[in-house]
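# Observations on chain architecture
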Amino acid sequence: AQSVTQLDSHVSVSEGTPVLLRCNYSSSYSPSLFWYVQHPNKGLQLLLKYTSAATLVKGINGFEAEFKKSETSFHLTKPSAHMSDAAEYFCVVSDSGGYQKVTFGIGTKLQVIP
Amino acid sequence: EAGVAQSPRYKIIEKRQSVAFWCNPISGHATLYWYQQILGQGPKLLIQFQNNGVVDDSQLPKDRFSAERLKGVDSTLKIQPAKLEDSAVYLCASSLESPTAYEQYFGPGTRLTVT
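Presented here is an overview of the structure given in this document. The model shown is predicted, which means the values in this text are computed figures rather than measured ones.

## Structural notes on the interface of chain A and chain B
- Across the contact, 20 residues belong to chain A and 21 residues belong to chain B.
- Carbon and sulfur atoms make up 54% of the area that chain A and chain B hide from each other, which totals about 1,600 Å².
- Along the contact surface separating chain A from chain B lie two residue pairs in polar contact (both at pLDDT 80 or more).
- When residues of the side of chain A that touches chain B are traced back to their parent elements, those giving at least two are strand E5 (31–38), strand E6 (44–50), strand E10 (87–95) and strand E11 (102–104) of chain A.
- Ranked by residue count, the leading element in the side of chain A that touches chain B is E5(A), at four residues.
- Taken together, the residues of the side of chain A that touches chain B sort by class into nine nonpolar, eight polar and three charged.

Here you go:
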């Protein structure tokens with residue numbers, strides 16, 4: 001069985017300050033983990049993914065995430081928020097075993113205040 | 001490279017009517033997914049195909065929803081009869097093979113309103 005928990009439904013930051021979106025996962029197998037972003041009225045886009053290579057993963061638009069197995073976490077960070085980062089962010093887990101089922105988190109809405 | 005195509009983009013129907021959505025994945029992508037995204041929630045996987053076969057349909061309400069993937073390419077998702085709670089955006093996505101290693105590419109979605 002697998003699950004993913006996004007710990008904050010809403011996060012608000014000021015432009016130019018760091019962003020932290022938290023994600024914890026549960027997986028019976030070695031998981032792959034993803035972060036997707038969804039801008040208003042736009043499709044889902046992959047930000048970054050972890051697939052058992054380097055634990056610190058760099059993605060697009062300055063985002064990165066660190067896989068911490070001991071904490072079962074995959075938090076998304078960015079050093080300095082930009083207005084264009086305002087969107088909904090989804091953490092996704094996919095088991096490597098069995099049928100490689102995909103599970104989305106409920107999403108975190110990021111608000112960036114000018 | 002063309003993206004995932006979906007049609008229609010919007011659909012309004014009355015409850016108890018039927019509706020069908022169509023998806024054309026990226027050429028060469030073996031895996032196809034249908035998701036339901038209710039307003040304010042994350043996408044919920046309804047069904048996952050690997051080529052022609054169903055990999056996971058555990059969250060598909062099979063009494064009213066059905067899906068097929070013809071010749072391992074295009075796919076249709078049908079709802080019959082629709083209920084008010086089916087109002088959502090239906091997303092189609094595709095990936096090269098397993099979702100473990102390959103990212104999913106999402107279509108623009110079909111927004112369904114059931115009145």
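That shown, we press on.
## Observations regarding the nonpolar core
- The biggest cluster of nonpolar side chains holds 26 residues, and the ones touching the most others in it are A:Trp35, A:Leu48, A:Leu76 and A:Tyr89.
- For this core, the element with the most residues is E10(A), which contributes four residues.
- Apart from residues no more than four positions distant in its own chain, A:Tyr89 is found in contact with A:Gln6, A:Leu21, A:Trp35, A:Tyr36, A:Val37, A:Leu47, A:Phe63, A:Leu76, A:Gly107, A:Thr108 and A:Leu110.
- Within the second largest apolar cluster, 21 residues are counted, among which are B:Val19, B:Leu32, B:Leu46 and B:Ile47.

## Examining the pairing of strand E2 (residues 10–14) of chain A
Residue and element names in this part refer to chain A.
- Burial along E2 is one-sided: Val 11 and Val 13 are buried, while His 10, Ser 12 and Ser 14, pointing the other way, are not.
- Strand direction decides the pairing type here: E2 and strand E12 (residues 108–113), joined by five bridges, are parallel. Considered in E12, the bridge of Ser 14 is made with Ile 113.

## Quick look at the state of the cysteines
- Going through the model one piece at a time under the given rule, you end up with two disulfides over all chains.
- Between A:Cys23 and A:Cys91 runs a disulfide, and the two sulfur atoms are separated by 2.0 Å. On the sign convention where negative means left-handed, the S-S torsion of about -70 degrees between A:Cys23 and A:Cys91 marks this disulfide as left-handed. One end of the pair, A:Cys23, is in strand E4 (residues 23–26); the other, A:Cys91, is in strand E10, and 68 residues separate them in sequence.
- Judged by its relative accessible area of 0%, A:Cys91 falls in the buried class.
- With its sulfur 1.9 Å from that of its partner, B:Cys23 forms a disulfide with B:Cys92. Taking the sign of the torsion about the S-S bond as the criterion, the disulfide between B:Cys23 and B:Cys92, at about -70 degrees, is left-handed. Taken together, the positions of B:Cys23 in strand E3 (residues 19–24) and B:Cys92 in strand E9 (residues 88–95) put the pair 69 residues apart, joining distant regions of the chain. Both residues of the pair, B:Cys23 and B:Cys92, count as buried.

## So, the packing of aromatic side chains
- Under the defined criterion, the tally for this structure stands at 14 aromatic pairs over all chains.
- A ring pair is formed by A:Phe34 and A:Tyr36, whose centres lie 6.2 Å apart and whose planes are at 35 degrees; its orientation type is tilted.
- Centroid distance B:Tyr35 to B:Phe106: 5.6 Å. Interplanar angle 40 degrees. Geometry classified as tilted. Residue B:Tyr35 is located in strand E4 (residues 31–37), and its partner B:Phe106 is located in strand E10 (residues 105–106); the two are separated by 71 residues in the primary sequence.
- For B:Tyr35, a relative accessible area of 0% gives the class buried.
- Owing to a relative accessible area of 11%, B:Phe106 belongs among the buried residues under this scheme.
- One aromatic cluster is present, formed by A:Phe34, A:Tyr36, A:Phe90, A:Phe104, B:Tyr33, B:Tyr35 and B:Phe106 through successive ring pairs.

## Describing the sheet that holds E3(B)
All names here are of chain B.
- Across the sheet, four strands lie side by side as E1-E3-E8-E7; this open sheet has antiparallel pairing. Edge positions in the sheet fall to strand E1 (5–7) and strand E7 (65–69), since each of these pairs with one other strand and no more. Taken over all neighbouring pairs, the strand axes of this sheet differ in orientation by 15 degrees on average, direction set aside.
- As judged from the five bridges shared by E7 and strand E8 (residues 75–79), these two strands associate in the antiparallel manner. Each bridged residue has a counterpart across the sheet, and for Arg 69 the counterpart in E8 is Ser 75.

## A word on the side chain of B:Ser75
Residues and elements named next belong to chain B.
- Inspection of the secondary structure puts Ser 75 in strand E8.
- Taking relative accessible area as the criterion, Ser 75 reaches 1% and is therefore assigned buried.
- Here the side chain of Ser 75 touches Trp 34 through a polar contact of 2.9 Å, side chain to side chain.
- At 2.8 Å, the side chain of Ser 75 forms a polar contact with the backbone oxygen of Glu 68.

About the criteria used
Residues numbered from 1 in each chain as written. Chains lettered and ligands numbered in written order. Predicted model: local features only at pLDDT ≥ 70, side-chain atom pairs only at ≥ 80, totals over all residues. Heavy atoms only, no water. Contact = heavy atoms within 4.5 Å. Buried area = accessible area lost by both parts, 1.4 Å probe. Polar contact = N/O pair within 3.5 Å; in protein donor to acceptor, adjacent residues only side chain to side chain. Helix = DSSP H or I, 4+ residues; strand = E, 2+ residues; numbered from the N terminus. Nonpolar A, V, L, I, M, F, W, Y, C, P; charged D, E, K, R; others polar. Core = buried A, V, L, I, M, F, W, Y, C linked by side-chain atoms within 4.5 Å. Buried < 20%, exposed > 50% of the residue type's maximum accessible area, 1.4 Å probe, protein only. Pairing = 2+ DSSP bridges. Disulfide = S-S within 2.5 Å. Phe/Tyr/Trp six-rings, centres within 6.5 Å; stacked < 30°, edge-to-face > 60°. Axes fitted to C-alpha atoms, helices over the stretch in contact; angles between N-to-C directions.

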